[in-house]
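Results of the structural survey
This is what each chain is made of:
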Amino acid sequence: MKMMKQSLLAAALACIAGGAMAGLSQAEADRLGKDLTPVGAEKEGNKAGTIPAWGGGLTKAPAGFDSKNGYADPLPNEAAQYSITAANMDKYKDVLAPGQMEMLKRYPSYKMNVYKSYRTAGYPQGVYDTIKAEASKAELAGGGNGVTGIARTTVPFPLPKSGVEVIWNHLMRYRGGTIERYTAEFPVQTNGAFTPVTRTEKVAFAQGMANPEPNRLLYYMATLTGPSSVAGDALLVVDPLDQVKESRLAWTYNPGQRRVLRAPNVAYDSPGQGADGLRTTDDYDGFNGAPDRYDWKLVGKKEMLVSYNNYKITNKAIKYADIVRPGHINQDFVRYEPHRVWVVEATLKKDKRHIYAKRVFYVDEDSWQVVHTDSYDGRGELWRVHEIGGIQYYDAMTHYFAYEVFYDLQARRYLLSGISNQEKPIKFGVKLDPSNFTPDTLRRSSN
């Protein structure tokens with residue numbers, strides 16, 4: 001497979017700087033649900049037949065499904081079509097990211113098992129209707145640091161004309177409205193040793209709430225439950241939609257001090273909660289927070305092998321020690337498929353600071369989920385490789401990540417994050433409102 005023709009015109013690139021950008025024309029909006037899917041992806045498959053046409057996604061749970069038992073794999077008996085190793089990766093270099101190739105070079109045990117592609121991402125009809133209704137209204141504000149003109153859409157720019165528009169689609173994508181989940185995170189030593197860091201998380205997106213506050217994108221609260229050395233540490237984040245008008249609000253709670261403190265530094269490249277310095281705050285979920293420290297370039301769209309339909313890794317019968325291995329996670333639990341992705345390059349602005357001087361994001365066309373990121377240091381050397389493996393949560397009709405893994409090539413360590421707690425299921429559509437995300441509720445959640 002070869003790099004696909006870039007999908008943006010030079011005239012569009014020339015107008016991404018500065019102020020607001022207009023939404024889609026009516027003719028462009030009319031393409032949604034026709035030659036494009038309702039979220040803006042190409043409906044047809046590729047010429048080689050390795051990427052199928054989109055047929056609506058996987059939006060119905062199998063008979064007897066119960067989330068308490070985990071998500072049943074709809075593709076349980078499929079065998080990999082082929083495997084990529086360091087020995088044969090040059091044959092597939094056109095569909096691999098630099099970070100994937102570096103992992104193959106560094107670790108003889110690292111491989112990529114490639115399966116048949118399934119475009120399972122699918123959402124409720126009401127989500128599609130809102131995207132189409134608001135597609136001509138969305139505008140960028142403040143050079144891309146905010147979105148205005150919309151009310152409930154989850155894809156403000158279904159035909160993106162700039163890199164930052166792709167990133168806003170990722171930030172705003174539909175994830176079931178509200179989420180409550182219990183996860184484990186594993187900062188892994190070079191010898192494979194690890195101590196799980198467990199947490200509870202609540203996330204609410206403004207477009208899924210009945211009464212969000214003005215200018216809100218999302219509300220997030222996380223409380224660490226283990227190990228005992230960090231249990232009770234809690235974090236509250238409220239992100240605005242138009243970050244020109246208002247910046248991120250954040251608070252932390254420390255059980256030793258029994259105090260809630262404002263935390264304006266919980267953003268950008270500050271160390272992620274419970275991550276042992278192996279990811280930044282804005283690494284979580286592919287990318288989060290304000291995009292203002294980077295210049296965003298839309299490189300185009302390409303076909304790529306990405307981690308997708310990873311139901312196997314969510315199996316509650318699998319022990320954590322089966323997944324975590326020295327150097328990298330057990331690749332037998334990872335399913336790679338060919339999909340089309342948007343490629344966005346972020347370059348640090350000269351007057352801004354961040355530990356990553358450049359980041360290259362690969363964004364799934366069907367879900368707008370960041371599926372892979374390569375991050376570079378100030379010397380221009382590849383530093384961290386970030387893989388995000390998603391599944392379609394068919395009962396909630398939403399696509400969301402099942403795991404994230406951050407490979408630090410310099411420290412030769414990695415962080416596995418977002419693995420669902422084996423005792424409690426993830427819940428979508430939980431009744432949450434702004435009163436669930438206050439400094440007082442942060443304190444109570446830790447006690």
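Quick summary incoming for the structure in this document. (Residues numbered from 1 in each chain as written. Predicted model: local features only at pLDDT ≥ 70, side-chain atom pairs only at ≥ 80, totals over all residues. Heavy atoms only, no water.)

1. Side note on the overall build of the protein chain
The secondary structure content of the protein chain amounts to seven helices and 18 strands. Taking 22 Å as the expected radius of gyration for a compact globule of 447 residues, we find that the protein chain reaches 21 Å, a close match to that expectation. Overall, the protein chain is about 60 × 55 × 55 Å in size when its C-alpha atoms are taken along their principal axes. Sorting the 447 residues of the protein chain into buried and exposed places 58% on the buried side. Pairs at least 24 apart in sequence give 66% of the contacts found in the protein chain among residues at least 6 apart. Working note: accessible area of the protein chain is about 18000 Å², and carbon and sulfur atoms make up 51% of it. (Helix = DSSP H or I, 4+ residues; strand = E, 2+ residues; numbered from the N terminus. Rg over C-alpha atoms; globule rule 2.2 N^0.38 Å. Buried < 20%, exposed > 50% of the residue type's maximum accessible area, 1.4 Å probe, protein only. Contact = heavy atoms within 4.5 Å. Areas by Shrake-Rupley, 256 points an atom, 1.4 Å probe, with all protein chains shown as cover.)

2. Comments concerning the layout of surface pockets
The computed volume of the largest pocket comes to approximately 500 Å³. Considering the residues around the largest pocket, the lining is formed by 33 residues, among which Tyr220, Leu235, Val237, Thr281 and Tyr284 are closest to the centre. When residues of the lining of the largest pocket are traced back to their parent elements, those giving at least two are helix H5 (163-172), strand S6 (197-205), strand S7 (218-226), strand S8 (234-239) and strand S9 (249-254). Along the lines of polarity and charge, the residues of the lining of the largest pocket split into 15 nonpolar, nine polar and nine charged. (1 Å grid on protein atoms, 1.4 Å probe; cavity = no way out; pocket = protein on both sides within 12 Å on 5 of 7 lines; lining within 4 Å. Points joined across faces, edges and corners; volume = space filled by probe spheres on them. Nonpolar A, V, L, I, M, F, W, Y, C, P; charged D, E, K, R; others polar.)

3. Observations concerning the environment of Ser417
Mapping Ser417 onto the fold places it in strand S17 (residues 413-420). Overall, the relative accessible area of 4% leaves Ser417 in the buried class. Distance in space between the C-alpha atoms of Ser417 and Gly378 is 26 Å, their sequence separation being 39 residues. When near neighbours in sequence (up to four residues on either side) are disregarded, Ser417 contacts Ala184, Glu185, Tyr403, Glu404 and Phe406.

4. Topic: the side chain of Arg181
Within the element layout of this structure, Arg181 appears in strand S5 (residues 178-188). Engagement of the side chain of Arg181 in a polar contact is seen with the side chain of Glu201, the distance being 2.7 Å. Side-chain polar atoms of Arg181 contact the side chain of Tyr284, separated by 3.2 Å. Once you skip the residues sitting within four places of it in the chain, Arg181 turns out to touch Arg199, Thr200, Glu201, Tyr284, Tyr400, Phe401, Gly418 and Ile426. (Polar contact = N/O pair within 3.5 Å; in protein donor to acceptor, adjacent residues only side chain to side chain.)

5. Thoughts on the nonpolar core
Side chains of nonpolar character tend, in soluble globular proteins, to be buried together. Ranked by internal contacts, the top residues of the largest apolar core, which has 111 residues, are Ile84, Leu96, Trp168, Trp296, Ile329, Phe361 and Leu416. Trp168 has contacts with Leu140, Gly144, Asn145, Gly146, Val147, Pro156, Phe157, Leu217, Leu241, Gln243 and Pro291, leaving out every residue within four places of it along the chain. (Core = buried A, V, L, I, M, F, W, Y, C linked by side-chain atoms within 4.5 Å.)

6. Examining the environment of Gly192
Turning to its location among the elements, Gly192 is positioned in the loop between S5 and S6. By relative accessible area, which is 13% here, Gly192 ends up buried. With residues up to four places along the chain from it excluded, the contact list for Gly192 reads Val324, Arg325 and Pro326.

7. Thoughts on the side chain of His328
By the element assignment, His328 lies in the loop between helix H6 (320-323) and strand S12 (336-348). In contact with His328, other than residues within four places in its own chain, are Met103, Tyr107, Ser109, Tyr110, Tyr407 and Tyr414.

8. Some thoughts on the packing of aromatic side chains
For any pair of aromatic rings, the description rests on two quantities: the centre-to-centre distance and the angle between the ring planes. Counting across every chain of the model gives 25 aromatic pairs. With a centroid separation of 4.8 Å and 85 degrees between ring planes, the pair formed by Tyr71 and Tyr393 is classed as edge-to-face. Taken together, the positions of Tyr71 in the loop between helix H2 (26-29) and strand S1 (82-84) and Tyr393 in strand S15 (residues 382-393) put the pair 322 residues apart, joining distant regions of the chain. Tyr393 gets classed as buried once you look at its relative accessible area, which sits at 3%. Three or more aromatic residues joined by ring pairs form one cluster here, namely Phe65, Tyr71, Tyr220, Tyr284, Tyr311, Tyr393, Tyr394, Tyr400, Phe401 and Phe428. Its guanidinium or amino end placed over the ring of Tyr376, Lys358 lies 4.7 Å from that ring's centre, counting from NZ or CZ. Lying over the aromatic face of Tyr182, Lys424 brings its terminal NZ or CZ to 4.7 Å of the ring centre. (Phe/Tyr/Trp six-rings, centres within 6.5 Å; stacked < 30°, edge-to-face > 60°. Lys NZ or Arg CZ within 6 Å of the ring centre and 35° of its normal.)

9. Overview of the pattern of salt bridges
Within this structure, the stated rule accounts for 29 salt bridges. A salt bridge links Glu246 to Arg216; its shortest N-O distance comes to 3.0 Å. Placement of Glu246 in the loop between S8 and S9 and of Arg216 in the loop between S6 and S7 is noted, with a sequence separation of 30 residues between them. Glu246 sits in the partly exposed class, given a relative accessible area of 23%. For Arg216, a relative accessible area of 13% gives the class buried. Put simply, Glu365 and Arg340 hold a salt bridge, and the shortest N to O gap is 2.7 Å. (Salt bridge = Lys/Arg side-chain N within 4 Å of Asp/Glu carboxyl O.)

10. Overview of H5
A large share of H5 lies buried, amounting to 10 of its 10 residues. Buried within H5 we find Gly163, Val164, Glu165, Val166, Ile167, Trp168, Asn169, His170, Leu171 and Met172. Looking at the packing, one finds that the buried side of H5 touches strand S3 (139-141), strand S4 (146-148), strand S11 (294-307), S12, strand S13 (358-364) and strand S14 (370-376).

Nothing here speaks to function; it is geometry throughout.
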